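This is what each chain is made of:
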Amino acid sequence: MITLRHGGPRPTWGFVIVSVPRGNFRAVAHDVKSDRMTDSEGGPDLTEDGPGDSTPERATEGGRPLVVAENVNKHFGELHVLKDINLTVNFGEVVVVIGPSGGGKSTLCRSINRLEPIDSGKILLDGKELPKEGKELAKLRADVGMVFQSFNLFAHKTILDNVTLGPIKVRKQGKQESEKHAMELLDRVGIANQAQKYPAQLSGGQQQRAAIARSLAMRPKVMLFDEPTSALDPEMVNEVLDVMTGLAREGMTMIVVTHEMGFARRAAQKVVFMADGQIVEENTPNEFFTNARTDRAKDFLSKILTH
Ligand SMILES: Nc1ncnc2c1ncn2[C@@H]1O[C@H](COP(=O)(O)OP(=O)(O)OP(=O)(O)O)[C@@H](O)[C@H]1O
Ligand SMILES: [Mg+2]
């Protein structure tokens, strides 16, 4: 499993920077190896919704699919990690992916923007299949923002510079405009007063919020979060979940790997339970958490509920 830890080895694609002002989404992908960034734009309208303790009502563009996985298979050597995965995430939908360790959750996320190639099947983003390589891939991949367990902020840049880097470098946006927007985003995630600091001077929760703000600077169509709170000290988990809940309520399309059931209940329309490389169950959070259908899911839930 590939887990990006703060200060650890960097992946080929370091991160994707995203943004969510109402209306358009735009993303920047940073290719660490080539130090190139890519950008794109477009996205759904955003709408408020209520507290939504089970299946929040929200505008999902009439169920228009944004991310579609069709019969996706992926092996790591002999290991069949994704087995005939079929998943549709509509515009504006929030899907929580949950399941035991090694079940393929991260691999699925990484396959969605081709950080991992798939062996067979299709992954479509807004109706287009992800190309295997080249400029087209960079363009499509840029529509997908990704927030990992670790924050992957540039250590030698201030928080403000981390957030403005994508817009300035990729979108060729002016410094002043980028900084204004960055400050709005930092304010929105509650760390405007940390803008001039360096990442190491921030707490883990603040760094993760900075990473989200950096993502928010670029407006992707969909945000993938892979266990964004699991590296955090417990007292910092909620401050990050609150930011994510806000994004969800504003209509961001999100795929979130997390075991935070409160978040799932609050923000998600759908829970996908993955185990052994398969999607075992797909249901509303309320149904899933109170009335899981399979023994596999019941067993998993009994374990996490006792923690
Ligand atoms: N780069 C890799 N090379 C070989 N095997 C891998 C690689 N990445 C993941 N795997 C294997 O694929 C399987 C699925 O891993 P994955 O990281 O997707 O699971 P996960 O559901 O995200 O688990 P966790 O909850 O622990 O994060 C595991 O058996 C893992 O060991
Ligand atoms: Mg994982």
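In what follows, the structure referred to is the one given above.
Predicted, not measured: the structure shown is a model, and the values here were computed from it. (Residues numbered from 1 in each chain as written. Chains lettered and ligands numbered in written order. Predicted model: local features only at pLDDT ≥ 70, side-chain atom pairs only at ≥ 80, totals over all residues. Heavy atoms only, no water.)

Points about the overall build of the protein
Regarding its fold elements, the protein presents 9 helices and 13 strands. Here the protein holds 307 residues, and the buried ones make up 58% of them. A separation of at least 24 residues holds for 68% of the contacts in the protein among residues at least 6 apart in sequence. Accessible area of the protein: about 12,800 Å², with a carbon and sulfur share of 47%. (Helix = DSSP H or I, 4+ residues; strand = E, 2+ residues; numbered from the N terminus. Buried < 20%, exposed > 50% of the residue type's maximum accessible area, 1.4 Å probe, protein only. Contact = heavy atoms within 4.5 Å. Areas by Shrake-Rupley, 256 points an atom, 1.4 Å probe, with all protein chains shown as cover.)

Examining the site of ligand 1
Around ligand 1, the surrounding shell holds 14 residues, and the nearest of these are Ser101, Gly102, Lys105, Ser106 and Thr107. Within the side chain of Lys105, a nitrogen or oxygen atom sits 2.7 Å from an oxygen atom of ligand 1. Within the side chain of Thr107, an N or O atom sits 2.5 Å from an oxygen atom of ligand 1. In isolation ligand 1 has 630 Å² of accessible area, and contact with the protein removes 75% of it. When residues in the shell around ligand 1 are grouped by element, the largest group, 3 residues, is from helix H1 (residues 105-112). (Near = heavy atom within 4 Å. Polar contact = N/O pair within 3.5 Å; in protein donor to acceptor, adjacent residues only side chain to side chain.)

A closer look at the pairing of strand E10 (residues 222-226)
Along any regular strand, the residues point their side chains to alternate faces of the sheet. Of all 5 residues making up E10, 5 are buried, and the element is well covered by its neighbours. As paired elements, strand E9 (residues 144-147) and E10 share 4 bridges and run parallel to each other. Across the sheet, Val144 pairs through a bridge with Val222, a residue of E10. Strand direction decides the pairing type here: E10 and strand E11 (residues 253-257), joined by 5 bridges, are parallel. For Asp226, the partnering residue across the bridge sits in E11 and is Val257. (Pairing = 2+ DSSP bridges.)

Digging into the pattern of salt bridges
Per the counting criterion, the structure on display carries 12 salt bridges. A salt bridge links Asp126 to Arg64; the shortest N-O distance between them is 3.0 Å. Here Arg64 lies in the loop between strand E3 (36-41) and strand E4 (65-76) and Asp126 lies in the loop between strand E7 (120-125) and strand E8 (128-129), a separation of 62 residues in the sequence. A relative accessible area of 23% means that Asp126 is categorised as partly exposed. On the basis of relative accessible area, Arg64 is assigned to the partly exposed category, the value being 37%. (Salt bridge = Lys/Arg side-chain N within 4 Å of Asp/Glu carboxyl O.)

A short note on the side chain of Ser178
Here Ser178 shows up in helix H4 (residues 175-188). Residue classification places Ser178 among the buried residues on the basis of a relative accessible area of 2%. Not counting chain neighbours up to four residues away, the residues in contact with Ser178 comprise Thr164, Pro167, Ile168 and Gln173.

What to know about the nonpolar core
Membership of the largest hydrophobic core comes to 53 residues, with the highest contact counts inside it found for Ile212, Phe225, Met244 and Met254. With near-sequence residues (within four places) excluded, Met244 lies in contact with Ile212, Phe225, Pro228, Met254, Val256 and Phe263. In this structure, Ala69, Val72, Leu82 and Ile123 belong to the second largest nonpolar core, which totals 29 residues. (Core = buried A, V, L, I, M, F, W, Y, C linked by side-chain atoms within 4.5 Å.)

Details of the packing of helix H3 (residues 159-169) against helix H5 (residues 204-216)
A pair of packed helices is captured by two measures, namely the crossing angle of their axes and the spacing between those axes. H5 packs onto H3 with a crossing angle of 25° between their chain directions and a minimal axis gap of 8 Å. The orientation of H3 with respect to H5, classified from their angle, is roughly parallel. Where H3 crosses over H5, the handedness of that crossing is right-handed. Within the contact between the two elements, H3 uses Ile159, Asn162 and Val163 and H5 uses Ala210, Ala213 and Arg214. Broken down by class, the residue content of the contact of H3 with H5 amounts to 4 nonpolar, 1 polar and 1 charged. (Axes fitted to C-alpha atoms, helices over the stretch in contact; angles between N-to-C directions. Parallel < 35°, antiparallel > 145°, perpendicular 65-115°, else oblique. Left-handed = near helix turned anticlockwise from the far one by under 90°. Nonpolar A, V, L, I, M, F, W, Y, C, P; charged D, E, K, R; others polar.)

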